Amino acid sequence: MKKIVLIGALVIGALSAQGQTLGFLLEGQAKAMQSATMLLNKNISDKEAEQDYALGMGTTFGAGLNAYFGNVGLGIEINGGKHNGNYAGTIFGQSYTSEVTLKQLQIPILLKLKGENGGYFEIGPQINIISSARYTYNGLISDAKDVKANYVNYTSVVMGFGANIRLVKSIPLGLLIGMRLQYGFKDCQGVDALGNSLSNTLYYPTHANTMAVAAGLQLGLTYKFN
């Protein structure tokens, strides 16, 4: 966290120096994102047919503020939503599906680059704070349980691109359309496809990190304050 704050301060300092010669723009955003999501762990991958991945879906809503100095800017967002890890497999000859649903608060801090015609690129770290984690199992029997204690907050890297399209020339309102990719580079731990703790050395003597990954489409509105 301290490193992220330091990097942000250095970027702001650099942008402030640049802003003395380039135009300053403050931009607000409200957005929603639908993503394909997964929770990847090598110990799950090694189980082959017993534990296999299935594609999950997650939805995120939030708002952000961007400060641009010329074509370079810094943005921060507050987003809330769900990140799902879905699984399917066969155990004792019976097929099953299972799912982990993480409800989390996401705070990305992004370096922004924008083009003259509305295109943009963004990259930076994202803090993910898990508020709840629910595991569900569907097979011969169905089960659900709270697994929040098995997960920890994590950090990921975010990269996105798209376009900010001006809707009406007389109003500084724009339509945001883009794609955003996320890859967790810090272990969020968790449970396997059968609900067993991935930190349990009896099941998994060799620890492997759990990485949250997502790829989603963004849609939102932007407003330029000046």
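Definitions and limits used
- Residues numbered from 1 in each chain as written.
- Predicted model: local features only at pLDDT ≥ 70, side-chain atom pairs only at ≥ 80, totals over all residues.
- Heavy atoms only, no water.
- Helix = DSSP H or I, 4+ residues; strand = E, 2+ residues; numbered from the N terminus.
- Buried < 20%, exposed > 50% of the residue type's maximum accessible area, 1.4 Å probe, protein only.
- Contact = heavy atoms within 4.5 Å.
- Areas by Shrake-Rupley, 256 points an atom, 1.4 Å probe, with all protein chains shown as cover.
- Lys, Arg positive; Asp, Glu negative; His and termini not counted.
- Charge placed at Lys NZ, Arg CZ, Asp CG, Glu CD.
- Phe/Tyr/Trp six-rings, centres within 6.5 Å; stacked < 30°, edge-to-face > 60°.
- Lys NZ or Arg CZ within 6 Å of the ring centre and 35° of its normal.
- Polar contact = N/O pair within 3.5 Å; in protein donor to acceptor, adjacent residues only side chain to side chain.
- Salt bridge = Lys/Arg side-chain N within 4 Å of Asp/Glu carboxyl O.

### Overview of the overall build of the protein chain
Secondary structure summary: the protein chain contains two helices and ten strands in total. Along its sequence from the N terminus, the protein chain presents helices and strands in the succession α-β-α-β-β-β-β-β-β-β-β-β. Overall size of the protein chain, expressed as C-alpha extent along the three principal axes, is 65 × 35 × 25 Å. Here the protein chain, with 226 residues, has 42% of them falling under the buried criterion. By sequence separation, contacts in the protein chain at least 24 residues apart represent 69% of the contacts at least 6 residues apart. On the protein chain, roughly 11,600 Å² of surface is accessible, and the fraction owed to carbon and sulfur atoms is 65%. On the protein chain, the mean spot of the 17 positive side-chain charges and the mean spot of the 13 negative ones are 11 Å from each other.

### Overview of the packing of aromatic side chains
Across all of its chains, the model carries four aromatic pairs by this definition. With a centroid separation of 6.1 Å and 40° between ring planes, the pair formed by Tyr-53 and Tyr-87 is classed as tilted. Taken together, the residues Tyr-53 in strand β2 (residues 52-54) and Tyr-87 in strand β4 (residues 72-91) connect sequence positions 34 residues apart. Taking 5.4 Å as the distance between ring centres and 70° as the angle between the ring planes, the aromatic pair formed by Tyr-223 and Phe-225 counts as edge-to-face. Its guanidinium or amino end placed over the ring of Tyr-68, Lys-114 lies 5.4 Å from that ring's centre, counting from NZ or CZ.

### Concerning the side chain of Glu-122
The residue Glu-122 is located in strand β6 (residues 119-138) in this model. Here Glu-122 falls in the buried class, since its relative accessible area comes to 1%. Within the structure, the side chain of Glu-122 is placed 2.6 Å from the side chain of Lys-112, a separation counted as a polar contact. Ignoring anything within four residues of it in the chain, the contact list for Glu-122 reads Leu-110, Leu-111, Lys-112, Val-158, Met-159, Gly-160, Arg-180 and Gln-218.

### Describing the pattern of salt bridges
For the coordinates displayed, the defined rule picks out six salt bridges. Note that Glu-77 is salt-bridged to Lys-31, the shortest N-O span being 2.9 Å. Taken as a pair, Glu-77 in strand β4 and Lys-31 in strand β1 (residues 24-41) lie far apart in primary sequence, 46 residues in all. Lys-31 carries the same exposure label as Glu-77, and that label is buried. Residue Arg-180 pairs with Glu-77 through a salt bridge whose shortest N-O separation is 2.9 Å. You can see Arg-180 sitting in strand β9 (residues 171-184) and its partner Glu-77 sitting in strand β4, a full 103 residues away along the chain. Of the residues examined, Arg-180 reaches a relative accessible area of 4% and is grouped as buried. Judged by relative accessible area, Glu-77 falls into the buried class, the value being 1%. Through salt bridges with shared partners, a single ionic network connects Lys-31, Glu-77, Lys-112, Glu-122 and Arg-180.

### A few points about the environment of Tyr-137
Counting through the fold element by element, Tyr-137 comes out in strand β6. On the basis of relative accessibility, which here comes to 16%, the residue Tyr-137 falls in the buried class. Separated by 35 residues in the primary sequence, Tyr-137 and Leu-102 place their C-alpha atoms 15 Å from one another. When sequence neighbours within four positions are dropped, the list of residues in contact with Tyr-137 reads Ile-91, Tyr-96, Thr-97, Ser-98, Ser-142, Asp-143 and Leu-194.

### Re the side chain of Asp-192
With respect to the secondary-structure elements, Asp-192 resides in the loop between β9 and β10 (210-224). As a buried residue without a salt bridge, Asp-192 has its nearest oppositely charged side chain in Lys-47, at a separation of 6.6 Å. A polar contact is formed between the side chain of Asp-192 and the side chain of Gln-51, at a distance of 3.5 Å. Separated by 2.9 Å, the side chain of Asp-192 and the backbone nitrogen of Leu-194 make a polar contact.

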